[in-house]
Amino acid sequence: MARAKTLRTLHDMPVVKGFRPLSMRANYRQAVILKLEEYEVLRLIDYEQKIHEEVAEMMDVSRPTVTRIYNSARSKISTALVEGRSFLIEGGDVRMVRHYYQCEDCLHRVNLPVDEEKPLVCIACGSTKIISLSDCFVRGCRHCRRCR
Ligand SMILES: [Zn+2]
Ligand SMILES: [Zn+2]
């Protein structure tokens, strides 16, 4: 199957949309924006302790690209930390392995093969308020409960 070389394969979605400093109101205008591939590289290298070669293979990119994304991610996180800025995880050149949905009422999450339709009701609580996490994280929705 042909696909654009620039897309980085993503194996999971972040738990939260972003972080904000204690004692400060959220200010998304000044928020540092961490791209999804930057989040994924931090997750794989710093959290799961994988080596760069392995991460490159998982994300379908070269090893120098992984290093470049990793450096950029660390620079952004340290900027947020040092300058006391909130940050959002959003956007990026990514291809999802599966599609992720979340119930707005009970926060139950499901992931489905990419060719399946969005579920109509939550299997945990029956709510019909199902949102696509791809829309929220990849395109940036700014109106679901994760974004407020
Ligand atoms: Zn639910
Ligand atoms: Zn959202």
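Enquirer: Whenever I open this one, the domain arrangement of the protein confuses me. Can you help?
Expert: One can read the domain layout of the protein as domain 1 (1-97) and domain 2 (98-148). Taken together, the contact pairs 18 residues of domain 1 with 16 residues of domain 2. The largest contributions to the domain 1 side of the interface with domain 2 come from Met13, Lys17 and Met96, which together make up 40% of the buried area. Where domain 1 meets domain 2, there are 0 salt bridges. There are 4 residue pairs in polar contact (both at pLDDT 80 or more) connecting domain 1 and domain 2.

Enquirer: What is the right way to look at the coordination of the zinc ion (ligand 1) in this model?
Expert: Six octahedral donors around a metal ideally make angles of 90 or 180 degrees; four tetrahedral donors ideally make 109.5 degrees. Distances from the zinc ion (ligand 1) to its protein donors, Cys103 (SG), Cys106 (SG), Cys122 (SG) and Cys125 (SG), fall within 2.3 Å. One can describe the donor arrangement at the zinc ion (ligand 1) as tetrahedral, given that its 4 donor atoms subtend angles of 104 to 113° at the metal. Counting residues between consecutive donors of the zinc ion (ligand 1) along the chain gives the motif C-x2-C-x15-C-x2-C.

Reading the values: rules and limits
Residues numbered from 1 in each chain as written. Chains lettered and ligands numbered in written order. Predicted model: local features only at pLDDT ≥ 70, side-chain atom pairs only at ≥ 80, totals over all residues. Heavy atoms only, no water. Domains from an automatic or database assignment. Contact = heavy atoms within 4.5 Å. Buried area = accessible area lost by both parts, 1.4 Å probe. Salt bridge = Lys/Arg side-chain N within 4 Å of Asp/Glu carboxyl O. Polar contact = N/O pair within 3.5 Å; in protein donor to acceptor, adjacent residues only side chain to side chain. Donors = N, O, S within 2.8 Å, 3.2 Å for Na, K, Ca; no water. Tetrahedral: all angles 85-135°; square planar, octahedral: opposite > 155°, others 65-115°.

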